[in-house]
Amino acid sequence: MSWAERSATNLLPLSVEQRQFPVALREWVYAGDMFDMETPTETCRLCGHPDIRYHFRIVNQHNGNEMLVGSECINRFGISATDPLGNILNAEESRQRVNRDRRFLVTEAKKRKLINTLVELAGVEEQFNIQSFISYVMERDAFTPDQLTVLFWRLDQHRIEYAPTDFKVTIRRDREKTQLRRMAEWKIRKLWPALSASQRRWVQENTDYTP
Ligand SMILES: [Zn+2]
């Protein structure tokens, strides 16, 4: 059975239209209900794709039936999304909303993972002032270069696993730029994976560092 056939077999019994898949699809909308299952262990109820982590709920406007599906299916089948007031969005706006919601889930998940890493560090290092780090990252969504250097160093010391790319650096203020300008090369090397493309360019133009 093809991907589309499998999807039709799953969707038609839950729709008012029982025969024509494209017609039945138009009964369904995505109204903004989305869930992070934390691990990629769910199955898309529409196409049967396994290993889904982010689940999106689509609802049949005529009979109230619901299905949990992957965001890709919503986009590929052109299922409409609604705005927060319940108005149906056009194809392009629907796609934008689905993609925006998915990005939101991914960002939130990263943030949670980051907080868990900080909590783990606080558990093994008494001198680590976790609260100041957490409130800083909550407010600015990133760390200063100096903060992140300290953080990476301590995580390494305690052999706590982390993905450097989950962390973000901010160098918008002069004080933060100065930190980077004065930073030893080996420290910048450590921060490099956390830097954005434009930040990397800035470093190459304003310091002696060569990646
Ligand atoms: Zn699917």
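Owing to the predicted nature of the structure, the values given are computational and were not obtained by experimental measurement.

Parameters at a glance
- Residues numbered from 1 in each chain as written.
- Predicted model: local features only at pLDDT ≥ 70, side-chain atom pairs only at ≥ 80, totals over all residues.
- Heavy atoms only, no water.
- Helix = DSSP H or I, 4+ residues; strand = E, 2+ residues; numbered from the N terminus.
- Contact = heavy atoms within 4.5 Å.
- Areas by Shrake-Rupley, 256 points an atom, 1.4 Å probe, with all protein chains shown as cover.
- Lys, Arg positive; Asp, Glu negative; His and termini not counted.
- Charge placed at Lys NZ, Arg CZ, Asp CG, Glu CD.
- Polar contact = N/O pair within 3.5 Å; in protein donor to acceptor, adjacent residues only side chain to side chain.
- Axes fitted to C-alpha atoms, helices over the stretch in contact; angles between N-to-C directions.
- Parallel < 35°, antiparallel > 145°, perpendicular 65-115°, else oblique.
- Left-handed = near helix turned anticlockwise from the far one by under 90°.
- Nonpolar A, V, L, I, M, F, W, Y, C, P; charged D, E, K, R; others polar.
- Phe/Tyr/Trp six-rings, centres within 6.5 Å; stacked < 30°, edge-to-face > 60°.
- Buried < 20%, exposed > 50% of the residue type's maximum accessible area, 1.4 Å probe, protein only.
- Lys NZ or Arg CZ within 6 Å of the ring centre and 35° of its normal.
- Salt bridge = Lys/Arg side-chain N within 4 Å of Asp/Glu carboxyl O.

S.K.: Can you walk me through the overall build of the protein chain in this structure?
M.R.: If you tally the helices and strands in the protein chain, you get 9 helices and 4 strands. Listing every helix and strand of the protein chain by position from the N terminus yields α-α-β-β-β-α-β-α-α-α-α-α-α. For the protein chain, the spread of C-alpha atoms along the principal axes amounts to about 70 × 35 × 35 Å. Of all intrachain contacts in the protein chain linking residues separated by at least 6 positions in sequence, the fraction that spans at least 24 positions is 55%. Of the accessible surface of the protein chain, which amounts to about 12400 Å², a share of 48% is contributed by carbon and sulfur atoms. When the 31 basic and 29 acidic side-chain charges of the protein chain are each reduced to a single mean position, those positions are 4 Å apart.

S.K.: Help me understand the side chain of Asp-101 in this model?
M.R.: Take Asp-101: it is sitting in helix α4 (residues 91-124). Among the polar contacts listed, one links the side chain of Asp-101 to the side chain of Tyr-30, at a separation of 2.5 Å. Among all residues touching Asp-101, those that are not within four sequence positions of it are Tyr-30, Gly-32, Met-34 and Phe-56.

S.K.: Explanation requested: the packing of α4 against helix α6 (residues 145-157) in the structure shown.
M.R.: To describe two helices that pack against each other, one gives the angle between their axes and the distance between the axes. Put simply, α4 and α6 touch, their axes get as near as 11 Å, and they point 60° apart. Put simply, α4 runs oblique to α6. Judged by the sense of rotation from one axis to the other, the crossing of α4 with α6 is left-handed. The residues of α6 that touch α4, namely those facing Thr-117, Leu-118 and Leu-121, are Leu-151, Arg-154 and Leu-155. Classifying every residue of the contact of α4 with α6 gives 4 nonpolar, 1 polar and 1 charged.

S.K.: Explain the packing of aromatic side chains here, please?
M.R.: With the rule as written, the count across this model stands at 9 aromatic pairs. Arranged with centres 5.0 Å apart and planes meeting at 25°, the rings of Phe-152 and Tyr-162 form a pair that is stacked. Here the residue Phe-152 occupies a position in helix α6, and Tyr-162 occupies one in the loop between α6 and α7 (174-181), the gap between them amounting to 10 residues. Per residue, the accessibility class of Phe-152 equals that of Tyr-162, and both read buried. Ring centres 5.9 Å apart and planes at 90° place the aromatic pair Tyr-162 and Phe-167 in the edge-to-face group. Taken individually, Tyr-162 and Phe-167 each receive the classification buried, so the pair is uniform in this respect. One cation-aromatic arrangement involves Arg-76 over Trp-3; the distance from NZ or CZ to the ring centre is 4.0 Å.

S.K.: Explain the side chain of Thr-82 to me, please; I cannot follow it from the model alone.
M.R.: Relative to the helices and strands, Thr-82 is located in the loop between β4 (80-81) and α4. Other than its neighbours up to four places away in sequence, Thr-82 contacts Val-29, Tyr-30, Ala-31, Asn-87, Ile-88, Leu-89 and Arg-97.

S.K.: Looking at this structure, how should I read the pattern of salt bridges?
M.R.: It is possible for side chains of opposite charge to pair when their charged atoms get near one another. Per the counting criterion, the structure on display carries 16 salt bridges. The shortest N-O distance in the salt bridge between Arg-140 and Glu-176 comes to 2.6 Å. Highlighted residues: Arg-140 in helix α5 (residues 130-140) and Glu-176 in helix α7, separated in sequence by 36 residues. As a salt-bridge pair, Asp-141 and Lys-168 come within 3.2 Å of each other at their nearest N and O atoms. A residue pair is termed long-range when its members are at least 10 positions apart, and Asp-141 in the loop between α5 and α6 and Lys-168 in the loop between α6 and α7 qualify at 27 residues.

S.K.: Just checking my understanding: could you explain the environment of Glu-38 for this structure?
M.R.: Here Glu-38 shows up in the loop between β1 (28-36) and β2 (54-60). Overall, the relative accessible area of 46% leaves Glu-38 in the partly exposed class. For Glu-38 and Ala-109, which are 71 residues apart along the polypeptide, the C-alpha to C-alpha distance reads 7.8 Å. Those residues within four positions of Glu-38 in sequence are excluded, and the remaining contacts are Arg-53 and Arg-112. There is a polar contact of 3.2 Å between the side chain of Glu-38 and the side chain of Arg-112.

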